[in-house]
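# Coordinate analysis (summary)
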Amino acid sequence: MFTMLNKLQNYSEQAIQAARYIGQGFMVTLDHMNRLPITIQYPYEKLIPSERFRGRIHFEFDKCIACEVCVRVCPINLPVVDWELKKDVKKKQLKNYSIDFGVCIFCGNCVEYCPTNCLSMTEEYELSIYDRHDLNYDQIALGRLPISAIEDSTIQTISNLSYLTKGSTESHLNSRNITNFLD
């Protein structure tokens, strides 16, 4: 008789626990139903990248002293620097500079360690192209500044997702874990 009562008690505890888990899941579902969608209509709307976003590299030919620090700090030795030594002034003169963005990992080391600040990161992230060889940018292509999403009149910019309030995201962090069986 005791074993049957214990089994009945254990069964009822498990049923109550399962109902709690279902209720927790239902509350999360209801919470998500009250939110607006996060999806943006990409070609017509664009999010403004953050200030420290690492996009395409911009290069200023006149500032470069051909020291090759960017090549040494690059984890994959990517920038190609062609220079010649001018013996009369005993200085290097830059002839050509190129970066292949098909291989670049956008780590930003070249920008950070450049002593003359001739390299900088832009907010350009649309580098898709049909031929991968077109991703090899020379100093002329690297010198072009991209059109900012803020300045483009054909695009609606979204600076932040203001409808995701801080309170709505914190409630999920504080909720109990469903796999926690030690209640």
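Residues numbered from 1 in each chain as written. Predicted model: local features only at pLDDT ≥ 70, side-chain atom pairs only at ≥ 80, totals over all residues. Heavy atoms only, no water.

Right, let's talk about the overall build of the chain for a bit. When helices and strands are counted, the chain shows 5 helices and 7 strands. Taken from N to C terminus, the helices and strands of the chain fall in the order α-β-β-α-β-β-α-β-β-α-β-α. For the chain, the residues scored as buried account for 23% of the 183 residues in total. In the chain, 74% of the contacts between residues at least 6 apart in sequence involve partners at least 24 apart. When the accessible area of the chain is evaluated, it comes to approximately 14,000 Å², of which 56% is carbon and sulfur surface. (Helix = DSSP H or I, 4+ residues; strand = E, 2+ residues; numbered from the N terminus. Buried < 20%, exposed > 50% of the residue type's maximum accessible area, 1.4 Å probe, protein only. Contact = heavy atoms within 4.5 Å. Areas by Shrake-Rupley, 256 points an atom, 1.4 Å probe, with all protein chains shown as cover.)

Taken as a whole, this structure holds 5 aromatic pairs when the rule is applied. Between the aromatic rings of F59 and F61, the centroid separation amounts to 6.3 Å while the plane-to-plane angle is 80 degrees, which identifies the pairing as edge-to-face. Using a relative accessible area of 33% as the deciding quantity, one classes F61 as partly exposed. In textbook terms, an aromatic cluster arises when at least three aromatic residues are bridged by ring pairs, as seen for F59, F61 and Y97. Between K92 and the ring centre of W83, over which it is positioned, the NZ or CZ distance is 4.4 Å. (Phe/Tyr/Trp six-rings, centres within 6.5 Å; stacked < 30°, edge-to-face > 60°. Lys NZ or Arg CZ within 6 Å of the ring centre and 35° of its normal.)

Here we come to the UniProt feature "binding site: [4Fe-4S] cluster 1" (unreviewed entry) in the chain. UniProt records the feature "binding site: [4Fe-4S] cluster 1" (unreviewed entry) for C64, C67, C70 and C114 in the present numbering. Despite a sequence span of 51 residues, these residues sit close together in the fold, their greatest C-alpha distance being 10.6 Å. Along the chain, the position of C70 falls in helix 2 (residues 69-73). Classification of C70 as buried rests on a relative accessible area of 10%. In contact with C70, not counting residues within four places along its chain, are P79, V81, Y97, C110 and L119. Inspection of the secondary structure assignment puts C114 in the loop between helix 3 (109-113) and strand 5 (119-121). Take C114: its relative accessible area is 11%, and that puts it in the buried class. (UniProt positions renumbered as here; feature names shortened; annotations may be inferred.)

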